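# Report on the structure
Chain residues, written in single-letter form:
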Amino acid sequence: MTQEQIKKVIIDQILEIAPDIEEGDIIPEGNIQRSLEIDSFDFLKLLTALNDILGVEVPERDYAKVETVEHMTQYFAQNLVQ
Amino acid sequence: MSDFVMPSLGADMESAVLMEWLVKEGDHVTKGQVIAEVETSKGVIDIEVFEDGVVDKLLVKEETECTVGTPLAFIRTHDEAPPVQTVENAQRIKASPAARRKAKEMGVEIASLASTGEVNLAQVQKYAEKVPKLATTDGMRQAIAKAMSRSNAEIPHYYLSISINMTPVLKWLEDFNAARTIKERILPAALLIRAIVKALKEVPELNGFWQDGEHHISESIHPGIAIALRKGGLITPALINANEMGLDETMHSLGDLISRTRNGKLRNTEMTQQTITITNLGDLGVQNVFGVIYPPQVALVGLGRIMDAPWAEGDTLCVRKIIQVTLAGDHRATDGRTGALFLDKLNQILQAPQELL
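How each quantity is defined
In this convention, every chain numbers its residues from 1, walking through the sequence in written order. Naming scheme: in the order in which they are written, chains are lettered from A and ligands are numbered from 1. Under the rules for a predicted model, residues below a pLDDT of 70 receive no local features and side-chain atom pairs below 80 are neither given nor counted, while totals for whole chains, interfaces and linings still include all residues. The side-chain quantities take in all heavy atoms of the structure and omit both hydrogens and water. What counts as a helix is a DSSP run of H or I of at least four residues, what counts as a strand is a run of E of at least two, and both are numbered from the N terminus. Angles here are taken between N-to-C directions and fall from 0 to 180 degrees, while the axes themselves are lines fitted to C-alpha atoms, restricted in helices to the stretch in contact. Handedness of a crossing is defined here by the sense of rotation of the near helix relative to the far one, left-handed for an anticlockwise turn of less than a right angle and right-handed for a clockwise turn. Only heavy atoms matter for contacts: two residues are in contact if any of them lie within 4.5 Å across the pair. When residue character is reported, Ala, Val, Leu, Ile, Met, Phe, Trp, Tyr, Cys and Pro are called nonpolar, Asp, Glu, Lys and Arg charged, and the others, Gly included, polar. For this analysis, a nonpolar core means a set of buried residues of the types Ala, Val, Leu, Ile, Met, Phe, Trp, Tyr and Cys, connected via side-chain atoms within 4.5 Å. Under the scheme applied here, a residue whose accessible area is under 20% of the maximum for its type counts as buried, over 50% as exposed, and between as partly exposed, the area being computed with a 1.4 Å probe on protein chains only. Where each domain begins and ends follows an automated or database-derived domain assignment. By buried area we mean how much accessible surface two parts lose on assembly, using a 1.4 Å probe and totalling the loss over both. One side-chain nitrogen of Lys or Arg within 4 Å of one carboxyl oxygen of Asp or Glu is enough to make a salt bridge.

For the rest of this paragraph, the subject is unusual backbone geometry. With an omega of 5°, the peptide bond running from Pro 295 of chain B to Pro 296 of chain B counts as cis. Tracing the backbone shows Pro 296 of chain B in the loop between β16 (276–280) and β17 (299–303). Of note in this structure, Glu 37 of chain A is not a glycine but carries a positive phi near 55°. Its place among the elements puts Glu 37 of chain A in the loop between α2 (32–36) and α3 (40–54). Of note, the phi angle at Glu 63 of chain B is positive, near 65°, even though the residue is not glycine. Considering the arrangement of structural elements, one finds Glu 63 of chain B in the loop between β6 (53–58) and β7 (64–67).

Written out as structure tokens, the structure is:
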């Protein structure tokens, strides 16, 4: 899976979990929770959905590495390879 | 035979639109079953029936606006014989769907036109031109404005605050979550709510109402959880019977409540049974929450952000994860001492998290 494809999966899942957000609102370098008003419950739901699709579980200690769409894409790309 | 009436879904609600019947005449219904969907300023709410029985007659057509207390259906309990006489139709406000939509857009109450028979689009437009426009036509904003004005006018608030060291409990939670799958993880917000509910069992005076000049303590604990909607507005639906939930169930029910609040799928009991309010503004970085009590409740617990802060332990100054928990109490119902006991109890509970399971 390419980084672009992973990024698309992440964005699709954000839009699924928060249907009131529009794709244009998502800034790849912006903090997902703060810039989109995604609370801790929605964020966990996002990670759970991504785990179902991509098969990568993000442990809590790695939350700092998945704060933005950009970083989350890289995180999944690296962990998918291994 | 009992009337199934349009329930009041908050002290500020005057009417709502019956959107859809989920049962038909002759259907058997059981207590707690959702039988209708109603649209209010707070979104679409599922309406439950309060007893077992048979739907004898549906009195109101779908998409009809009804004032609170309007009979919507007759429910016959199982031991009653079917009625022999027909009953007059309940009073209801008739309006065409186009008129209803327009009225909503223009902030016109359909009820104010109802005396003229069935309300049509032209009447709504004519009426709207005559009356001065409200500053805002947002129903939810108006509802919040009413409740909060009443609160500040009537309730003598007192405020107390405590700093709680969350480092041990968060460490415990981290280890606890590490041994579980992502689906079973517990969030600090759920843990805090579970701890608050446990503390309320020990200090029940804060869980209840001030009504007719008297303090009523509620046995059940149904905390209203303040949930912000991304498109604006705030709803505080009740986490029903939180006192009967363990940590996993609290987490699961809370997640479910948040999803349904944002998707406009709440039940009427969740809109009306709150016995206390919990507001968590921590996600937005706020440190202290000095809340306004939602009448007739007598307390509100405010949770700030869990943040790194200097903390003295014995002779040592160290950095710990600290949360500010604030209590707003109704001074007619309780005194500061009761509030202080509650906050102290909450602190003790959070220092022994394994007991929260």
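Moving on, we come to the packing of helix α5 (residues 188–202) of chain B against helix α6 (residues 247–262) of chain B. Residue and element names in this part refer to chain B. The geometry of α5 relative to α6 is characterised by a closest axis approach of 9 Å and an angle of 120° between their N-to-C directions. Once α5 is placed against α6, the crossing between them reads as right-handed. When α5 is examined against α6, the residues Ala 189, Ala 190, Leu 191, Ile 193 and Arg 194 are found in contact with a partner set consisting of Leu 247, Thr 250, Met 251 and Leu 254. The residue inventory of the contact of α5 with α6, partitioned by class, reads seven nonpolar, one polar and one charged.

Moving on: the nonpolar core. Counting residues in hydrophobic clusters, the biggest one holds 105 residues, and the most contacted among them are Ile 14 and Met 72 of chain A together with Phe 342 of chain B. It is α5 of chain B that provides the largest number of residues to this core, a total of 10 residues. Summarising the domain contributions, this core has at least three residues from each of domain 1 (2–76) and domain 3 (146–356) of chain B. Filtering out sequence-adjacent residues up to four positions away, Phe 342 of chain B remains in contact with Ile 196, Ala 199, Leu 200, Val 203, Leu 206, Val 301 and Leu 327 of chain B.

On the side of chain B, 19 residues touch chain A, which itself brings 22 residues to the contact. Of the roughly 1800 Å² buried between chain A and chain B, counting both surfaces, carbon and sulfur atoms make up 52%. For the chain A face of the interface with chain B, the top three residues by lost area are Phe 41, Leu 44 and Glu 60 of chain A, together amounting to 34%. Residues Lys 183 of chain B and Asp 52 of chain A are paired through a salt bridge, measuring 2.8 Å at the closest nitrogen-oxygen approach. Here the side of chain A that touches chain B is composed, by residue class, of 11 nonpolar, three polar and eight charged.

With that settled, consider the pattern of salt bridges. Residue and element names in this part refer to chain B. Inspection of every chain in the model, using the stated rule, returns 21 salt bridges over all chains. A salt bridge links Glu 37 to Lys 265, with the nearest nitrogen and oxygen atoms 2.6 Å apart. Within this pair, whereas Glu 37 is found in strand β4 (residues 34–40), its partner Lys 265 is found in the loop between α6 and β15 (266–267), the two being separated by 228 residues in sequence. Judged by its relative accessible area of 30%, Lys 265 is partly exposed. Its salt-bridge partner being Glu 154, residue Arg 150 comes within 3.3 Å of it at the nearest N-O pair. Of this pair, Arg 150 and Glu 154 both sit in helix α3 (residues 139–154), four residues apart, which is roughly one turn of the helix. With relative accessibility at 32%, the residue Arg 150 sits in the partly exposed group.

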